[in-house]
Amino acid sequence: MSEAVGTARVKRGMAEMLKGGVIMDVVNVEQAKIAQDAGACAVMALERVPADIRAQGGVARMSDPDMIEKIKAAVTIPVMAKARIGHFVEARILEALGVDYIDESEVLTPADFENHIDKWDYKVPFVCGATNLGEALRRINEGAAMIRSKGEAGTGDVSNAMMHMRKIGGEIRRLSSMREDELYVAAKELQAPFALVKEVAETGKLPVVLFTAGGIATPADAALMMQMGADGVFIGSGIFKSGDPAARALACVKATTFFDDAKVVADASRGLGEAMVGINVADLPAPHRLAERGW
Amino acid sequence: MKIGVLALQGDFREHLLAAKQAGHAGLTVRRSEELAEVDALILPGGESTTIAQLARTFDLFTDIKKRIAEGMPVYGSCAGMILLADRIVDGALGQETFGGIDMTVRRNAFGRQVDSFESDLNFNGTEMHAVFIRAPWVEELSSSVQVLSDVIAADGKRHPVAVRQGALFATSFHPELTTDLRVHRYFFDQVCAGAIK
């Protein structure tokens, strides 16, 4: 009997199981349990949600292993954790801790301004952010088994998530309409490998699951992203920076499943208390825009 | 046959595609009215706690239990196997299942994602390639449950990974992630054919 772990199929397949779900940022055991009880399909364990990283500044790094272990022990759903872009030792630590997915994330301070982690070399799968198709395909070429559109984390402003989903979707549709002999130039322009460009042109979709992240704060935001073609959503600061996290978490789960049913989304939107206050992305000075990290 | 796929969360699209490729109408089921329309149901891979929570919230839980009791054929893969088990171990506190198969299933029995694997196995007398993702196994079962496949795990013991009791059928692995339709065909041709009048 031949048996293999850490194959592309089991890494990408893991993301298939998360589809139609909400992955929630949590900073402690209590929040992780609230997320699981509300129906989160996974949690992202981190020390500070993006809104706090933004507010407090400083260097944002991988979370404390003890904190990740505690969250792993408290829930049965998959636990993800973030490593800095290019920080392959943080990634090895997270793999050794047995997290279920690593997010090589622009929300943390990058460790390398040129290279991302060589993700093929790990048994644990990686999710990476992207603002456009070329960036998504470069990450997949490095071994990412799941992509999330970046949006602008920690703002509660969904406009960048929208822009990135439109961009990725638009570029895929453009490839699908091209003659095969035009794909060589398309690959050059996208700065992405030809084989992946050709695959996307043929299938009309990314070869891995595509979630949306960055700025989702309401059930309506979640449903909007699902209607834009996301396979699921990450909600970072939006839940635990709101007035009633348990109710908002459940409401976002409902709206993600019934994204195409306005009545369900309307019902889910009632009585949630205050949403996170948020920041308009347009008011953020360029050096503080996280989506621009990644190359 | 009208094959419903529970579409609350998980890889339901892949099961719908398998149903269509095998020549059946595949319908998504998110509401009781949709459940009433179908002859058989597939519970997809995904997170069993999420699927159970949404089934409760949208009043599908008791309806699915009722259809199972009435003899509707159901196939569950991975999370679906957990949802068909009468008893689970290593589940979330107070985690509910639809039940129906007289067995105990251990959640994430093969380990976490770093232990997820692909393997060749024998399913009901035929060799095939199977994909296991944070997969459960059957820990204990009654004599009325038939074992269709088992694998040797890291503990050196054989554990059932495909079982059937009457019209209910479950696998730990994900045939919907491969292009091999034999497991789905087994459900449609062997399990459903006998159970649907």
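How each quantity is defined
Residues numbered from 1 in each chain as written. Chains lettered and ligands numbered in written order. Predicted model: local features only at pLDDT ≥ 70, side-chain atom pairs only at ≥ 80, totals over all residues. Heavy atoms only, no water. Helix = DSSP H or I, 4+ residues; strand = E, 2+ residues; numbered from the N terminus. Rg over C-alpha atoms; globule rule 2.2 N^0.38 Å. Buried < 20%, exposed > 50% of the residue type's maximum accessible area, 1.4 Å probe, protein only. Contact = heavy atoms within 4.5 Å. Areas by Shrake-Rupley, 256 points an atom, 1.4 Å probe, with all protein chains shown as cover. Lys, Arg positive; Asp, Glu negative; His and termini not counted. Charge placed at Lys NZ, Arg CZ, Asp CG, Glu CD. Pairing = 2+ DSSP bridges. Axes fitted to C-alpha atoms, helices over the stretch in contact; angles between N-to-C directions. Salt bridge = Lys/Arg side-chain N within 4 Å of Asp/Glu carboxyl O. Phe/Tyr/Trp six-rings, centres within 6.5 Å; stacked < 30°, edge-to-face > 60°. Lys NZ or Arg CZ within 6 Å of the ring centre and 35° of its normal.

(A) Representation of the overall build of chain A in the model. Helix and strand counts for chain A stand at 13 helices and nine strands. Against the 2.2 N^0.38 benchmark of 19 Å for 295 residues, chain A shows a C-alpha radius of gyration of 18 Å, consistent with a compact globule. Looking at chain A as a whole, 60% of its 295 residues are labelled buried. Of all intrachain contacts in chain A linking residues separated by at least 6 positions in sequence, the fraction that spans at least 24 positions is 66%. Carbon together with sulfur atoms contributes 51% to the accessible area of chain A, which is approximately 11200 Å² in total. A gap of 1 Å separates the mean positions of the 34 positive and 40 negative side-chain charges of chain A.

(B) The arrangement of the sheet that holds strand S3 (residues 40-43) of chain B in detail. Residues and elements named next belong to chain B. If you trace the seven strands from one edge of the open sheet to the other, you get S2-S1-S3-S4-S12-S11-S10, paired in mixed fashion. Two strands bound the open sheet, and with one partner strand each, they are strand S2 (25-29) and strand S10 (146-152). Within the sheet, the average angular offset between the axes of one strand and its neighbour, ignoring direction, is 20 degrees. Both strand S4 (residues 74-77) and strand S12 (residues 168-171) contribute to a ladder of four bridges, which runs parallel. If you follow Ser 77 over to S12, its bridge partner there is Thr 171.

(C) Seen up close, unusual backbone geometry. Residue and element names in this part refer to chain B. In this structure, Asn 124 is a non-glycine residue whose phi angle is positive, near 50 degrees. Topologically, Asn 124 is positioned in the loop between strand S7 (117-123) and strand S8 (126-132). The backbone of Arg 134 shows a phi angle near 40 degrees, a positive value even though the residue is not glycine. Among the secondary structure elements, Arg 134 is positioned in the loop between S8 and strand S9 (137-141).

(D) Representation of the pattern of salt bridges. Summed over the entire model, instances satisfying the criterion amount to 39 salt bridges over all chains. Taking the shortest distance from any N to any O, the salt bridge between Glu 14 of chain B and Lys 19 of chain A comes out at 2.8 Å. Of this pair, Glu 14 of chain B sits in helix H1 (residues 12-21) while Lys 19 of chain A sits in the loop between helix H1 (8-18) and strand S2 (22-26), placing the two residues on different chains. As a salt-bridge pair, Arg 158 of chain B and Asp 150 of chain B come within 2.8 Å of each other at their nearest N and O atoms. You can call Arg 158 of chain B exposed: its relative accessible area is 53%. Relative accessible area serves as the criterion here: at 28%, Asp 150 of chain B is assigned to the partly exposed category. Residues participating in the shared-partner salt-bridge network are Lys 82, Asp 103, Glu 106 and Arg 148 of chain A.

(E) Representation of the packing of aromatic side chains within the structure. Following the criterion strictly, the structure yields 18 aromatic pairs over all chains and no others. Seen from their ring centres, Phe 110 of chain B and Trp 137 of chain B are 5.0 Å apart, and the 90 degrees between their planes marks the pair as edge-to-face. Taken together, the residues span a long stretch of sequence, with Phe 110 of chain B in the loop between strand S6 (101-106) and S7 and Trp 137 of chain B in strand S9 at a distance of 27 residues. The side chain of Arg 92 of chain A reaches across the aromatic face of Tyr 122 of chain A, ending 3.8 Å from its centre.

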